[in-house]
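# Summary of the model geometry
Each chain, written out:
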Amino acid sequence: MAMSAVARETVFALRRQIAKIEGTLPERLEAPARNTSVDAAGSDITVLRRGLAVASPDAFLHTGIEGLDAALGGGLPKAALSEIHGLETRDAGAVAGFALSLTSLILKEKQDLPVLWIGTAEIFHEAGFPYASGLHALFGIEPEQLLFSEAPKLLDALWIAEEAARMTAFAAVILELRGSPRLLDLTATRRLHARAQSAGRPVLLLRQAGEAEPTAAPVRLIVSAAPAAARRTVAGPLDGSIGSPAFTVDIGKSRTALPGQFTLEWNPDEHAFAERTENSVAVVPVPLRGADPAPASGAVLAFPALAAPATGHQPSRQQRPAHRSPRRAG
């Protein structure tokens, strides 16, 4: 049955309202010409893909993991705001490492442009800065390609991010924040998302110990550290060794609304992701709490057993245990 003109206009009116809420540019959601798609029977055909226009494959940053890219609807959008969450403060290193891995993939396409990393003084004092000497060795990033901007307040960091997101002089913009600040609301993220779309550059929002609140970002990934697998050799896994860095990535929000969890390893030699296989041997550190991992002691005693004292024998003051001596008052 052909879609009536009133119904078609109602559908696109609803899409425009959703676009205003999500921060999608309105020109991408204009209603197509009424005679652009007509089937053999003469009925109008309107293709809707979850309220978003169908984008070209080149519009996405491919992680190289087929299942993850498919669940994200093609990969991370290049011209958009994407969230990377760390649920706890201790996940700050994993979130930063995952962001640097994505930055390495971005710089493969834009090698001549730098990346701007913005954060407040609080977040840099808490989580620190990336180690400059390890940027090239692990991610293939030259230290001069990664620029940092430390803002005294959150309002200043948001202003810097908005101004940087509209510029094409950066390959990407990274904004790192802590917690769930009131200023990081739907309006602020909508502005960042619109600036990223206008400039055609990705903006990565790193959130440490923050709640999953409504934002304009079409993608939200929850990242934490995964146990490293044993180092692989020609003879097989090397027992007791620690291999490549690994991340647990959960899809909290995506264009396709498909959930999923993936364990990714970062190859520092090829600068690419690899998905953890089921037969990988995980190497985890010895827990600081819990049972003592040391083997049980044998029958050898450090000191010979003492004979039981005779009945009625009273130990001298020097032999009396200290914990049984009366405490001195005053």
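My aim in this report is to walk through the structure given alongside it, one point at a time. (Residues numbered from 1 in each chain as written. Predicted model: local features only at pLDDT ≥ 70, side-chain atom pairs only at ≥ 80, totals over all residues. Heavy atoms only, no water.)

## Focus on the overall build of the protein chain
Selection rule: Under the DSSP-based scheme used, a helix requires at least four consecutive residues in state H or I and a strand at least two consecutive residues in state E, with every element numbered from the N terminus. The buried label goes to any residue with under 20% of its type's maximum accessible area, the exposed label to any with over 50%, and the partly exposed label to all in between, with areas taken from a 1.4 Å probe on protein chains only. Throughout, a contact is declared for two residues whenever any of their heavy atoms are within 4.5 Å. Computed with a 1.4 Å probe, the accessible areas rest on the Shrake-Rupley method; for each residue, only the protein chains presented here act as cover.
Within the protein chain, the secondary structure is distributed over seven helices and 15 strands. Considering the protein chain as a whole, with its 330 residues, one finds that 38% of them fall into the buried category. The contacts in the protein chain between residues at least 6 apart in sequence include a share of 73% that link residues at least 24 apart. Taken as a whole, the protein chain presents about 19,500 Å² of accessible surface, with 57% of it coming from carbon and sulfur.

## Some thoughts on unusual backbone geometry
Even without a glycine there, the phi angle at A209 is positive, about 55°. Inspection of the secondary structure puts A209 in the loop between strand 7 (203–208) and strand 8 (219–225). A positive phi angle, close to 60°, is found at A257, a residue other than glycine. Tracing the sequence through the fold places A257 in the loop between strand 12 (246–253) and strand 13 (261–267).

## With respect to empty space enclosed by the protein
Where empty space is left in the structure can be found by rolling a water-sized probe over the atoms. What counts is decided by this rule: Put plainly, a pocket is an open set of points on a 1 Å grid over the protein atoms alone with protein on both sides within 12 Å along at least five of seven lines, a cavity is a set where a 1.4 Å probe fits but cannot get out, and a lining residue has an atom within 4 Å of a point. Grid points are joined across faces, edges and corners, and a volume is the space filled by probe spheres set on the points. All amino acids are sorted into three groups, where Ala, Val, Leu, Ile, Met, Phe, Trp, Tyr, Cys and Pro are nonpolar, Asp, Glu, Lys and Arg are charged, and the leftover types, Gly among them, are polar.
On inspection of all chains with the given rule, the structure shows one cavity of 30 Å³ or more. Computed from the structure, the largest cavity encloses a volume of approximately 40 Å³. Along its surface, the largest cavity is lined by L61, L76, P77, K78, S82, I106, P202 and L204. Classifying every residue of the lining of the largest cavity by side-chain character gives six nonpolar, one polar and one charged.

## Considerations on the sheet that holds strand 3 (residues 81–86)
Put simply, the rule is: For two strands to be treated as a pair, DSSP must find no fewer than two bridges joining them. Axis definition: a line fitted to C-alpha atoms, limited for helices to the stretch in contact. Angles are taken between N-to-C directions and run from 0 to 180 degrees.
Ordered by their spatial adjacency, nine strands build an open sheet running 5-4-6-7-3-8-12-13-14, and the pairing between neighbours is mixed. Strands at the two margins of the open sheet, each flanked by one partner only, are strand 5 (146–151) and strand 14 (272–275). Neighbour-to-neighbour, the strand axes of the sheet open up by a mean angle of 25°, direction not taken into account.

## Details of the pattern of salt bridges
Convention followed: One side-chain nitrogen of Lys or Arg within 4 Å of one carboxyl oxygen of Asp or Glu is enough to make a salt bridge.
A complete count under the given rule lists ten salt bridges for this structure. For the salt bridge of E83 with R220, the shortest nitrogen-to-oxygen distance reads 3.6 Å. A residue pair is termed long-range when its members are at least 10 positions apart, and E83 in strand 3 and R220 in strand 8 qualify at 137 residues. Take E83 and R220: they sit in the same class, and that class is buried. Between E163 and R166 there is a salt bridge, with its nearest N and O atoms 3.6 Å apart. Residue E163 is classed as partly exposed on the basis of its relative accessible area of 28%. For R166, a relative accessible area of 48% puts it in the partly exposed group.

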